[in-house]
Amino acid sequence: MSSNIQITPAQLSRLVGLPDAPVLLDVRIDEDVAADPRLLPASERRSHRDVAGWANAYAGRKVVVICQRGQKLSEGVAAWLRHEGVEAENLAGGFEAWREAGGPLVETGKLPKRDAAGRTLWVTRARPKVDRIACPWLIRRFVDPRAVFLFVSASEVPDVADRFGATPFDIDGVFWSHRGARCSFDTMIEEFGLASPALDQLATIVRAADTARLDLVPQAAGFLAASLGLSRMYRDDLAQLEAGMLLYDAFYRWCRDATEETHHWPSATVKT
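Residues numbered from 1 in each chain as written. Predicted model: local features only at pLDDT ≥ 70, side-chain atom pairs only at ≥ 80, totals over all residues. Heavy atoms only, no water.

**Q** Just to check I follow, could you spell out the overall build of the protein for this structure?
**A** Check the secondary structure of the protein and you find eleven helices and eight strands. What you see for the protein is a C-alpha radius of gyration of 20 Å, in line with the 19 Å of a compact globule of 272 residues. Overall size of the protein, expressed as C-alpha extent along the three principal axes, is 70 × 55 × 30 Å. Relative to its 272 residues, the protein shows a buried fraction of 46%. Looking at the protein alone, contacts between residues at least 24 apart form 68% of all its contacts between residues at least 6 apart. (Helix = DSSP H or I, 4+ residues; strand = E, 2+ residues; numbered from the N terminus. Rg over C-alpha atoms; globule rule 2.2 N^0.38 Å. Buried < 20%, exposed > 50% of the residue type's maximum accessible area, 1.4 Å probe, protein only. Contact = heavy atoms within 4.5 Å.)

**Q** Help me understand the nonpolar core, please; the structure alone is not making it clear to me.
**A** Note that soluble globular proteins tend to have their nonpolar side chains buried in a common cluster. Within the largest apolar cluster, 55 residues are counted, with the highest numbers of intra-cluster contacts made by Trp137, Phe185 and Tyr248. Breaking this core down by element, the ones donating at least two residues are β4 (62-66), α5 (94-100), α6 (131-143), β7 (148-152), α8 (184-191), α9 (197-210), α10 (220-233) and α11 (237-258). Filtering out sequence-adjacent residues up to four positions away, Trp137 remains in contact with Phe142, Phe185, Leu199, Leu202, Met245, Tyr248, Asp249 and Tyr252. Within the second largest apolar cluster, 16 residues are counted, among which are Val51, Trp54, Val65 and Leu73. (Core = buried A, V, L, I, M, F, W, Y, C linked by side-chain atoms within 4.5 Å.)

**Q** How should I be thinking about the sheet that holds β4 in this particular structure?
**A** Backbone hydrogen bonds hold the strands of a sheet together, and the pairing may be parallel or antiparallel. Strand order in this open sheet of five strands is β1-β5-β4-β2-β3, and the pairing throughout is parallel. Here the strands that pair on one side only, and so sit at the sheet edges, are β1 (6-7) and β3 (44-45). As paired strands, strand β2 (residues 23-26) and β3 are joined by two bridges and run parallel to one another. Its bridge partner lying in β3, Asp26 is registered against Arg45. (Pairing = 2+ DSSP bridges.)

**Q** Where do I start with the packing of α6 against α9 in this structure?
**A** Helix-helix packing is described using two parameters, namely the angle between the two axes and the distance between the axes. Running from amino to carboxyl end, α6 crosses α9 at an angle of 160 degrees, the nearest separation of the two axes being 10 Å. The angle between the axes of α6 and α9 places the two elements in the roughly antiparallel class. For α6 against α9, the interelement crossing comes out left-handed. Taking contact as the criterion, the partners of Asp131, Ala134, Trp137, Leu138 and Phe142 in α6 are, on α9, Leu199, Leu202, Val206 and Asp210. A per-class count over the contact of α6 with α9 returns seven nonpolar, no polar and two charged. (Axes fitted to C-alpha atoms, helices over the stretch in contact; angles between N-to-C directions. Parallel < 35°, antiparallel > 145°, perpendicular 65-115°, else oblique. Left-handed = near helix turned anticlockwise from the far one by under 90°. Nonpolar A, V, L, I, M, F, W, Y, C, P; charged D, E, K, R; others polar.)

**Q** What's the story with the pairing of β7 in this structure? I'm lost.
**A** Inspection of the sheet shows strand β6 (residues 121-125) paired to β7 by five bridges, in the parallel sense. In the strand pairing of β7, Leu121 is matched with Val148. In this view, the connection linking β6 to its parallel neighbour β7 by way of α6 has right-handed handedness. (Right-handed = clockwise from strand over helix to strand, strands pointing away.)

**Q** Sorry if this is basic, but what is going on with the UniProt feature "domain: Rhodanese" (unreviewed entry) in the protein here?
**A** Cross-referencing UniProt, the feature "domain: Rhodanese" (unreviewed entry) maps to residues 18-107 in the present numbering. Annotation note: span residues 18-107, helix share 32%, strand share 18%, distance between end C-alpha atoms 20 Å. (UniProt positions renumbered as here; feature names shortened; annotations may be inferred.)

**Q** Any chance you could explain the side chain of Arg132 here in plain terms?
**A** Within the secondary structure, Arg132 is located in helix α6. A polar contact is formed between the side chain of Arg132 and the backbone oxygen of Ala126, at a distance of 2.7 Å. From its side chain, Arg132 meets the backbone oxygen of Arg127 in a polar contact 3.3 Å long. In contact with Arg132, not counting residues within four places along its chain, are Thr124, Arg125, Ala126, Arg127, Phe151, Phe169 and Asp170. (Polar contact = N/O pair within 3.5 Å; in protein donor to acceptor, adjacent residues only side chain to side chain.)

**Q** Is there a simple way to explain the packing of aromatic side chains in this structure?
**A** What the rule picks out here adds up to 13 aromatic pairs. Measuring from centroid to centroid gives 6.0 Å for Trp122 and Phe169, while their planes differ by 80 degrees, and the two rings are edge-to-face. Of this pair, Trp122 sits in strand β6 while Phe169 sits in the loop between β8 (167-168) and α8; the two residues are 47 residues apart in sequence, bridging distant segments of the chain. In terms of burial, Trp122 and Phe169 fall into one category: buried. Consider the rings of Phe149 and Phe169, whose centres lie 6.2 Å apart with planes at 80 degrees: the pair is edge-to-face. Here Phe149, found in strand β7, pairs with Phe169, found in the loop between β8 and α8; they are 20 residues apart in sequence, far enough to count as distant. For Phe149, a relative accessible area of 4% gives the class buried. Across the ring face of Phe95, the terminal group of Arg28 is positioned such that the distance to the ring centre comes to 3.9 Å. The ring of Phe175 has Arg179 lying over it, and the distance from NZ or CZ to the ring centre is 4.8 Å. (Phe/Tyr/Trp six-rings, centres within 6.5 Å; stacked < 30°, edge-to-face > 60°. Lys NZ or Arg CZ within 6 Å of the ring centre and 35° of its normal.)

As structure tokens, this is what we get:
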């Protein structure tokens with residue numbers, strides 16, 4: 001029988017990466033994390049020991065709590081959150097069930113150092129077009145929903161990275177950048193361990209649009225046109241990023257759920 005206080009790995013997998021995905025809280029003990037330090041996509045680490053002190057920070061939000069096996073720690077934390085008015089469930093079977101089901105797991109060894117507020121900080125060139133919107137979208141949907149992105153003059157990226165402790169991306173000579181024919185978005189999917197059929201298909205569209213190889217997939221030309229249109233609509237790079245998130249959300253859902261669907265007009269033969 002299904003439970004109204006638990007969510008299964010299959011159910012959660014349909015929500016991961018979506019703009020309205022629940023907050024994922026990993027409350028595994030340190031020993032379990034040391035044995036497998038990977039995290040469910042976009043999840044946050046919290047301790048069950050001080051749940052009373054942080055529970056109300058999630059008021060008004062949907063939350064899924066994850067422990068090693070989906071037992072006492074996640075059940076207890078989820079119950080405490082519900083006491084605080086949070087819509088909280090725990091993951092049935094916990095981290096082990098998610099891993100056994102083949103759910104995506106983020107390689108935490110590649111995560112940049114977080115700031116005092118617990119956010120990753122990134123810096124890249126101003127006036128983004130494709131890759132510099134794609135990478136923030138991937139980070140916010142699958143790695144760190146609270147990530148901060150700084151858009152600065154191309155010549156200043158290395159110095160801003162150094163002075164502000166930010167991680168540079170999509171510039172020459174850094175780790176998070178193009179590799180051969182593959183773009184920075186490909187690099188992030190690979191290094192974070194996020195490969196999946198939907199993200200791999202989206203990566204091909206991004207790569208084709210970002211590297212002027214529009215012959216790779218038929219969606220590339222329209223994707224590039226939409227991306228360039230957004231860059232003309234917004235002078236503020238952060239406003240453009242927010243608008244671009246919807247574009248990537250839509251293409252991700254198409255890659256995941258709608259590639260076989262077609263549309264015709266007229267939809268049926270009209271009898272006269």
